[in-house]
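# Fold and contact review
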Amino acid sequence: MTDVIQWLLNSDEPWTRYRTLIDLLDRPADDAEAQAARQEMVAHPQVQELIEQAATWPGFALKRHSDAKHPLYALSTLADFGLRASDPGLPPTIEAIMAHQSPEGAFQTQLRLYKRFGGIEGERWTWMACDAPTLLYALLAFGLAEDERVQRSVEHLVGLAEGNGWCCAAAPELGTFKGPGRREDPCPIANVYALKALSQVPDLINSPVTHTGAETLLWHWGPECERKLYLFGIGKMFRRLKYPFVWYNILHVVDVLSRFPFVHEDPRFREMVTTITEQADAEGCYTAASMYRAWKDWSFADKKNPSPWLTFLVLRVEKRIKRSMAVGLFEE
């Protein structure tokens with residue numbers, strides 16, 4: 001066991017300890033130490049606060065999808081930590097989400113809409129490609145893959161993909177709505193959200209649709225992309241380590257891509273990973289370079305001290321790559 005992993009296990013963050021045991025040390029879910037860490041995680045005041053925030057669903061009408069204080073991201077963070085649908089406080093929230101499923105299959109969010117974007121004005125339950133996949137990811141990660149409503153949402157998300165991945169799509173009732181950028185361009189963050197959701201479906205890990213979405217993200221990073229898509233640059237801001245996974249940044253993109261073994265040997269992916277690992281300190285730990293003020297009380301928002309959770313996330317990416325090598329998916 002490395003010193004860094006021991007540091008993670010000594011952390012006072014039970015979510016970091018739990019995921020380290022499961023994802024880095026390959027402990028089974030019924031391992032006594034993992035179970036103890038999980039119980040402590042669920043009962044932790046900060047996690048309880050997230051559960052309470054999620055329970056306000058739909059919260060307030062979402063005006064911009066990078067709003068880190070919206071309950072949508074409390075849900076996705078709880079899913080990242082490893083909470084399950086049966087954990088105390090989550091069942092009513094899950095039913096509140098599932099109560100609003102569109103005829104197409106996407107789960108809806110209450111959004112604030114503006115006529116200037118080509119749609120309608122006001123607040124309403126609807127969906128876009130930059131919110132519905134995050135709800136789907138949370139439901140799948142919570143363990144609800146067998147629910148017929150969730151399966152219908154998976155089918156809908158797969159069907160939304162085009163030849164260049166996921167574009168700026170929205171519910172039919174929004175008419176001519178379109179986000180910023182060219183209508184025919186893929187939307188980088190929609191591809192990140194969609195791939196993250198579909199990574200929870202084993203049968204889709206190596207599917208044509210995930211290959212297409214992954215290639216879109218790799219293309220956007222690589223030299224073959226002559227122009228960066230509107231609002232989604234890959235400069236200094238993009239390369240700063242930041243959590244929770246709300247918007248488009250390098251750790252978010254790499255974490256999602258690393259879930260698909262078929263990208264692990266791609267030189268563009270490896271370059272992105274190197275861009276992250278070069279930010280380690282002398283002990284191999286990672287510190288936030290940017291933060292969301294709504295999450296200022298969490299270690300991953302501390303820009304002065306190494307974060308156990310951020311360090312775990314990077315080590316998990318490296319572990320996924322090493323696992324591919326170990327089973328002979330490609331040669332180093």
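The coordinates are above.
The residue count restarts for each chain, going from 1 along the sequence in the order it is written. Reporting in this predicted model follows two pLDDT cut-offs: at least 70 for local features of residues, and 80 or more for side-chain atom pairs to be given and counted; totals over whole chains, interfaces and linings ignore these cut-offs and use all residues. Hydrogen atoms and water are omitted, and side-chain values are computed over all heavy atoms in the structure.

To qualify as a helix, a DSSP run of H or I must reach at least 4 residues; to qualify as a strand, a run of E must reach at least 2; elements of each kind are numbered from the N terminus. Within the chain, the regular secondary structure consists of 14 helices and two strands. Out of the 332 residues belonging to the chain, those deemed buried represent 57%. The criterion used for residue contact is that any of the two residues' heavy atoms lie within 4.5 Å. Sequence separation of 24 or more characterises 64% of the internal contacts of the chain that already satisfy a separation of 6 or more. Here the positive residues are Lys and Arg and the negative ones are Asp and Glu; neither His nor the chain ends is included. In this description, the location of a charge corresponds to atom NZ of lysine, CZ of arginine, CG of aspartate or CD of glutamate. For the chain, the distance from the average position of its 36 positive side-chain charges to the average position of its 43 negative side-chain charges is 7 Å. Note on classification: 1.4 Å probe, protein chains only; a residue is buried when its accessible area is under 20% of the maximum for its type, exposed when over 50%, partly exposed between these limits.

Once that is clear, we can look at the nonpolar core. Here, nonpolar core refers to any group of buried Ala, Val, Leu, Ile, Met, Phe, Trp, Tyr and Cys residues whose side-chain atoms link them within 4.5 Å. F81, L83, F142 and L257 are the most contacted members of the largest nonpolar core, which has 110 residues in total. Non-local contacts of L257, meaning those with residues more than four positions away in its chain, are made with L195, A214, L217, L218, V263, H264, F269 and M272.

Relative to the helices and strands, V246 resides in the loop between α11 (236-239) and α12 (250-257). Judged by relative accessible area, which is 0%, V246 ranks as buried. Those residues in contact with V246 that lie beyond four places of it in its chain are H65, S66, A68, Y73, Y193, H252 and Y292.

On to the packing of helix α2 (residues 14-24) against helix α3 (residues 32-43). Where α2 contacts α3, the axes come no closer than 8 Å and their chain directions differ by 150 degrees. In terms of axis orientation, α2 runs roughly antiparallel to α3. The way α2 lies across α3 gives a crossing that is left-handed. Contact with α2, carried on its side by P14, W15, R17, Y18, L21 and I22, involves E33, A34, A37, R38, E40 and M41 of α3 and no other residues of that element. Here an axis means a line fitted to C-alpha atoms, over the contact stretch when the element is a helix, while the angle between two N-to-C directions is reported on a 0 to 180 degree scale. Convention used here: angles under 35 degrees read as roughly parallel, angles over 145 as roughly antiparallel, angles from 65 to 115 as roughly perpendicular, and any remaining angle as oblique. Left-handed describes a crossing whose near helix is turned anticlockwise from the far helix through less than a right angle; right-handed describes the clockwise counterpart.

Turning our eyes to something else, we now look at the packing of aromatic side chains. Only centres within 6.5 Å qualify two rings of Phe, Tyr or Trp (six-membered ring in Trp) as a pair; their planes then separate them into stacked at under 30 degrees, edge-to-face at over 60, and tilted for everything else. Applying the stated rule across the entire model yields 16 aromatic pairs. Ring geometry for W221 against F238: centres 6.2 Å apart, planes inclined by 40 degrees, an arrangement best described as tilted. With W221 in helix α10 (residues 208-221) and F238 in helix α11, this residue pair connects regions lying 17 residues apart in the sequence. Neither W221 nor F238 differs from the other in exposure class; each is buried. On the basis of an interplanar angle of 75 degrees and a centroid distance of 4.8 Å, the ring pair of Y243 and F245 is categorised as edge-to-face. Neither Y243 nor F245 differs from the other in exposure class; each is buried.

What follows is about a positive patch on the surface. By definition, no residue in a patch forms a salt bridge, and every one has over 30% relative accessible area; like charges are joined within 9 Å, nonpolar side chains (Val, Leu, Ile, Met, Phe, Trp, Tyr) within 5 Å. Exposure was quantified through the Shrake-Rupley algorithm and a 1.4 Å probe, taking into account, for residues, occlusion by the shown protein chains and nothing else. We define a salt bridge as a side-chain nitrogen of Lys or Arg found within 4 Å of a carboxyl oxygen belonging to Asp or Glu. Positive charge collects at one region of the surface, where K236, R240, R293 and K303 lie side by side. Within the fold, R240 resides in the loop between α11 and α12.

Looking along the chain, the bond that leaves W57 and enters P58 is cis, with omega of 10 degrees. With respect to the element layout, P58 can be found in the loop between α4 (45-54) and α5 (71-81). Put simply, Y243 and P244 share a cis peptide bond, and its omega is 10 degrees. By the secondary structure assignment, P244 is in the loop between α11 and α12. Unusually for a residue other than glycine, D26 sits at a positive phi of about 60 degrees. With respect to the element layout, D26 can be found in the loop between α2 and α3.

As for its placement among the helices and strands, R19 is situated in helix α2. Filtering out sequence-adjacent residues up to four positions away, R19 remains in contact with L24, D80, F81, G82, W309, F312 and R316.

This part takes up the environment of H65. On the secondary structure map, H65 appears in the loop between α4 and α5. Judged by relative accessible area, H65 falls into the buried class, the value being 11%. Between the C-alpha atoms of H65 and M128, which are 63 residues apart in sequence, the distance is 9.9 Å. Look past the residues within four positions of H65 in its chain and what remains in contact with it is Y73, L111, M128, C130, D131, Y193, V246 and W247.

Moving on, we get to empty space enclosed by the protein. Using protein atoms alone on a 1 Å grid, points that fit a 1.4 Å probe yet trap it form a cavity, whereas open point sets bounded by protein on both sides within 12 Å along at least five of seven lines form a pocket; residues with an atom within 4 Å of a point count as lining. Grid points are joined across faces, edges and corners, and a volume is the space filled by probe spheres set on the points. All chains considered together, the criterion is met by three cavities of 30 Å³ or more. Of the volumes computed, that of the largest cavity is approximately 60 Å³. In terms of lining, the largest cavity is formed by S76, P133, T134, Y137, Y193, K196, F245 and H252. Of all elements in the fold, only α7 (132-141) and α9 (188-198) reach the threshold of two or more residues within the lining of the largest cavity. Broken down by element, the residue count for the lining of the largest cavity peaks at three residues, all from α7. By volume, the second largest cavity amounts to about 50 Å³. What lines the second largest cavity is A106, M128, A129, A132, P133, L136, S153, H156, L157 and L160. Elements with a minimum of two residues in the lining of the second largest cavity: α7 and α8 (148-160). Residue contributions to the lining of the second largest cavity peak at four residues, all from α8. A class-by-class count of the residues in the lining of the second largest cavity yields eight nonpolar, two polar and no charged. The residue classification treats Ala, Val, Leu, Ile, Met, Phe, Trp, Tyr, Cys and Pro as nonpolar and Asp, Glu, Lys and Arg as charged. All others, Gly included, are polar.

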